[in-house]
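The residues making up each chain are set out below.
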Amino acid sequence: MGDKDNDLYWQPDTADSRFGARFAQGPITANVEIRPRRSLWPTAKGAGFQQYWRQWWGSWNFGSASLLIGFTYTPACITYSQSQMDSNNRVSYGDFMDELRAFQMTLTVPLSFGKFTVAAIEPPGKWLPEMYGTVDGWDTNDITTDYDYKIPKLEARLDFNINPAQITLLGGYYTFDIVNKSTEKDESVDSYMYGARVVVPYGPFYVKGHYVYVQNPGDFGDLGSTTLDYRNMLYDPATGHTEDADYYSYGGVVGYQINDMVGVEAGYFYQKTERYKDEEDPNCQYYIVFPIRPIKGVTIYPEIGVVDEKDVTDASGDSTD
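Now for a quick tour of the structure. The shown structure was predicted, so the numbers you read here are calculated from the model rather than taken from an experiment. (Residues numbered from 1 in each chain as written. Predicted model: local features only at pLDDT ≥ 70, side-chain atom pairs only at ≥ 80, totals over all residues. Heavy atoms only, no water.)

A few words now on unusual backbone geometry. Here the residue pair N163 and P164 is connected by a cis peptide bond, since its omega of 5 degrees sits within 30 degrees of zero. One non-glycine residue, L100, adopts positive backbone phi at about 70 degrees. Tracing the sequence through the fold places L100 in the loop between β4 (66–73) and β5 (101–111). Even without a glycine there, the phi angle at K310 is positive, about 55 degrees. Among the secondary structure elements, K310 is positioned in the loop between β19 (303–308) and β20 (312–313). For K310, a relative accessible area of 29% gives the class partly exposed. (Helix = DSSP H or I, 4+ residues; strand = E, 2+ residues; numbered from the N terminus. Buried < 20%, exposed > 50% of the residue type's maximum accessible area, 1.4 Å probe, protein only.)

Printed below as a string of structure tokens:
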């Protein structure tokens, strides 16, 4: 009775810290980034690479377009907040980043008014099935459970300007089959996403905002919704009926560069999953941060912020705070 638990939070930012090098030779460019990690994820295929690589890719510009092959940011990664609260975990509260980085083949076509990007991405369930291959209600612990991946995850992005606004439109599709090899029962798990981001600068002042919808985000590979329930498709083994999960994310920031050294940004982000009957789980974040750049290459982020886990509501309509 009466015990107090105080703990020191003292650690390097091994998610964002990195050492990198860029290379260029004629139409060929490449980028390598590594980060200071000291252990591997033992359960995921290829997780050692995911831990230590931040980026690892090469690109060929053949004039009318460029082709990138390797590990880098996905087209639907549109995170834009300057909040540093708990490192980059703000993406778990609505600042949408999709899968962040993944192995992919990406074609980028320059246009007169912007650029168009389309990517074929490694299915997220292939390297981390425990997180991205789950179907609620399906006994995935059964040793006869198998996964069939027939096509890569597909994403497209269009960037263009309508002065002074910078606009990004997003879309994506992903499907795989989950199979019980002993009964030959199989179920198709389909996911898709669409969204938009708008950035409007006015000299030292700027406004940014976004909206994203994803069907079955837990199967699509979205990292930001991992803190939420009801992310995956629901399967009823008694009837064979399925229910898709719906995910919504929106938010925005306003910022002002006070002088060459000090800026200020305030933001609000919200996300929610919904599924069968009354199931839903929302959360949000709001903050104000003052980026200070005393010298080139150094930034300090004094910040005040709140994360709100809100209530979780189950299929019966009962809520838990």
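Still more ground to cover, so stick around.
So, about the pairing of strand β16 (residues 280–289). Within β16, seven of the 10 residues are buried, which leaves the element mostly enclosed by the surrounding structure. Direction of pairing for strand β15 (residues 263–274) relative to β16: antiparallel, over a ladder of 10 bridges. By the bridge assignment for β16, E274 is matched with E280. Remark: five residues form the turn of the hairpin made by β15 and β16, two consecutive strands paired antiparallel; K277 in that turn has positive phi of roughly 55 degrees. (Pairing = 2+ DSSP bridges.)

This paragraph deals with the nonpolar core. What tends to happen in soluble globular proteins is that the nonpolar side chains get buried as a cluster. Among the nonpolar cores identified, the biggest contains 18 residues, and F96, V135, V189, M193, V212 and V214 are the most heavily contacted of them. Of all the secondary structure elements, the ones that give two or more residues to this core are β9 (165–180), β10 (185–202) and β11 (205–215). Looking at this core element by element, the count peaks at four residues for β9. The residues contacting V189, other than those within four sequence positions of it, are V135, Y174, T175, F176, I178, D219 and M233. (Core = buried A, V, L, I, M, F, W, Y, C linked by side-chain atoms within 4.5 Å. Contact = heavy atoms within 4.5 Å.)

Let us look at the side chain of R231. Relative to the elements of secondary structure, R231 occurs in the loop between α4 (217–220) and β12 (234–235). Filtering out sequence-adjacent residues up to four positions away, R231 remains in contact with M131, Y132, N216, P217, G218, D219, D222, S225, T226, A245 and T273.

Turning to the packing of aromatic side chains, a few remarks are in order. Counted under the stated rule, the structure contains 15 aromatic pairs. Ring centres of W60 and F62 lie 5.0 Å apart, and the angle between their planes is 50 degrees; this geometry places the pair in the tilted category. Residue W60 is classed as partly exposed on the basis of its relative accessible area of 42%. Judged by its relative accessible area of 35%, F62 is partly exposed. Put simply, the rings of Y147, Y149, Y174 and F176 touch in pairs and so form one group of aromatic residues. It is K153 that lies over the ring of F220; its NZ or CZ is 4.0 Å from the centre. Its guanidinium or amino end placed over the ring of Y206, K208 lies 5.0 Å from that ring's centre, counting from NZ or CZ. (Phe/Tyr/Trp six-rings, centres within 6.5 Å; stacked < 30°, edge-to-face > 60°. Lys NZ or Arg CZ within 6 Å of the ring centre and 35° of its normal.)

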